[in-house]
Amino acid sequence: MQYQSQLVAKPYFIAAIGLFIGQIIFGLIIGAQYVIGDFLFPEIPFNVARVVHTNLLVVWLLFGFMGAAYYLVPEESERELYSPKLAIITFWVFLVTGALTIVGYLAVPYATLAAMTGNDILPTMGREFLEQPLITKVGILLVVVSLLYNVTMTTLMGRKTSITIILLMGLWGLAFFWLFAFYNPVNLVLDKYYWWWVIHLWVEGVWELIMAALLAFVLIKVTGVDREVIDKWMYIIIALALVTGIIGTGHHYYWIGTPAYWQWWGSIFSALEPIPFFVMTLFAFSMVNRRRRDHPNKIATLWALGTAVTAFLGAGVWGFMHTLAPVNYFTHGSQITAAHGHLAFYGAYVMVVLAIISYAMPIMRGRVANSPQAQLWETWSFWLMTVSMVVITLLLTGAGVMQVWLQRISETPMSFMATQAELEIFYWLRLIGGGVFFIGLIVYVISFFIKGDITYLSDEKTIKKDAVQDAEEGKTTEEVAPSAAEVRVEEEAKPVVADEDARPDLSFVPTETSAEDKPTK
Amino acid sequence: MSSVYFTKSVARNIFFGGSVFFFLLFLVLTFDTTRKLPKSDHRENITEEVARGKHIWETNNCIGCHSLLGEGAYFAPELGNVYKRRGEAFIKVWMQAMPTNAPGRRQMPQFNLTDEQLDDLVAFLKWTSEIDTQGWPPNIEG
């Protein structure tokens, strides 16, 4: 770790993982309620458990993004964080607000919670994913504004890289579109229209900027590929994401009372939405193939590759599956939507946060990377969680196809509840899938406590050995060997650090691709 | 990715230019939609009752189990067209009879709504069922 203040990211990541566990527990509860309808009723009705499940997801991802920003921005800006103290205060404010909100959901009926928290003054509650009480919504805004102030000041006073610019754009956009959470007109059609400005323009808009920035950062670190190359890919990906994704909002405007022309705009643009995800997959694999050295943190690389592939499957392929208006006419609001939602969120956002945690956590714990033993555990958790999520998605897709067939296409359509009874086998298997996912998550948590043969950052031998190795590769001592204590993690991982301004000649690097990757100024 | 002409700054310009252009286009479409909405949402029929009904819908987190115009949870039936599917009387009686406590069956809580609140909720569901949704859902089952 280069800057002491990057350590503020640590509590954010720990909280993220803690809330992730909570999210999955509540996921298992609602998964069980799908097959045992009266499970935990009336103590925890389905709607309450679902709110906890989805809200915890959003909040822990926000914790992850914030931790990532506090970790990444000082390193990219090459200076300490503007105010580490503010970051820690913000952490506690967010954690307490989040915890009280969850307690509120579970402790009192939702209507009571709404009455207690001033929902009559400014009604914002009771809309999917925006169920938070007004106070919580304001709290989230303040927390994000505090983060923005802190990281923006840090960036302004330090080095500005493409990665920080895109990350900041993503975070500012996140704050801006959150404002629409406070707009809840009486007219349901308008309500829904602008509700999507939070939901869609977050997950298929500004969050993609955050994801691209985090992925680019991790890939620079673990592959050592020239920053100029990675930046260019990043810009291409986010250009494609926003060019397709903004008008792609139209795929939510087919059947909610909006004009019919949205079926054309939505279908055409969202049919293109898989492209950025496909390019992201090419990007991740191409960077890893061109890597300049083998970073000892193998599992962070695996998470980064996993993000690209699973996001392509979940957001790209499963999104495309039901995005064309004539298809969506039948699949809208069915289990197909649930299938897509699960794999897209897991692939794009859960995995990218786990990638940055996987990269940064060992460093914050004074390690170059976790021991091979700990990484083996984490690798198991990667496959357990990823495979079970893919299986869950396939099962929900099966359920969705059957549901659409029985309830919407059939000559003699069955009622919703009668159809649900027919889908029971899918839901049972899905619950088992959820159980495997939970085991994967436990394995993930255990991996943090596996010691094994750790290489510590302070271990001078390693650094010297690296320096020797670098010398053998033909590098001059000036390039690699400032005093051992000053050696950055980044350089330790990859001796050739290419800043935009002062870039060393890379022609000695014996890869086929590096020559053509040189900047074409 | 290695063309002499396609540099990082070209990629950056495409990103900024493309995003701004398509966001502006989105705003234009939003403006046009806003102009056309009164024809499909029949806002002239949004009475005090409908407004109160929406508030009841929200403060009891109905969306946590049901879907409304296809959005929400998929645990319980679509209610965008429930007024047409079941009618006023059924909706009221149904809500008063909850929970069924039938073993193993999905359970809906008792929300203890007053008669006036039930009227409001039904008014909201009636107005919702009259929104022009381009023919969705495919049939009355939702």
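A few points on the structure. (Residues numbered from 1 in each chain as written. Chains lettered and ligands numbered in written order. Predicted model: local features only at pLDDT ≥ 70, side-chain atom pairs only at ≥ 80, totals over all residues. Heavy atoms only, no water.)

### Side note on the environment of F278 of chain A
All names here are of chain A. Its location among the elements puts F278 in helix α10 (residues 274-289). Judged by relative accessible area, F278 falls into the partly exposed class, the value being 41%. As for F278 and L313, which are separated by 35 residues in sequence, their C-alpha atoms are 8.9 Å apart. (Helix = DSSP H or I, 4+ residues; strand = E, 2+ residues; numbered from the N terminus. Buried < 20%, exposed > 50% of the residue type's maximum accessible area, 1.4 Å probe, protein only.)

### A look at the packing of aromatic side chains
Inspection of every chain in the model, using the stated rule, returns 61 aromatic pairs over all chains. Both rings, one in Y71 of chain A and one in F217 of chain A, keep their centres 6.3 Å apart while their planes meet at 80°; by these two values the pair is edge-to-face. One end of the pair, Y71 of chain A, is in helix α2 (residues 46-77); the other, F217 of chain A, is in helix α7 (residues 188-223), with 146 residues separating them in the sequence. Here Y71 of chain A and F217 of chain A have matching classes, each one buried. For the ring pair Y346 of chain A and F437 of chain A, a centre distance of 5.6 Å and an interplane angle of 80° mean the geometry is edge-to-face. Separated by 91 residues along the polypeptide, Y346 of chain A in helix α13 (residues 335-364) and F437 of chain A in helix α16 (residues 424-447) bring together distant segments of the chain. Under the relative-accessibility criterion, Y346 of chain A is labelled buried at 2%. Owing to a relative accessible area of 3%, F437 of chain A belongs among the buried residues under this scheme. Put simply, the rings of F176, F177, F180, Y183, Y193, Y194, W197, Y253, Y261 and W262 of chain A together with F23 and F26 of chain B touch in pairs and so form one group of aromatic residues. One cation-aromatic arrangement involves R430 of chain A over Y34 of chain A; the distance from NZ or CZ to the ring centre is 4.8 Å. Geometry around F90 of chain B places R86 of chain B over its ring, the cationic atom sitting 4.8 Å from the centre. (Phe/Tyr/Trp six-rings, centres within 6.5 Å; stacked < 30°, edge-to-face > 60°. Lys NZ or Arg CZ within 6 Å of the ring centre and 35° of its normal.)

### A short note on the environment of P109 of chain A
All names here are of chain A. Its place among the elements puts P109 in the loop between α3 (84-107) and α4 (110-116). Of the residues examined, P109 reaches a relative accessible area of 54% and is grouped as exposed. It is 29 Å that separates the C-alpha atoms of P109 and F177, two residues lying 68 residues apart in sequence.

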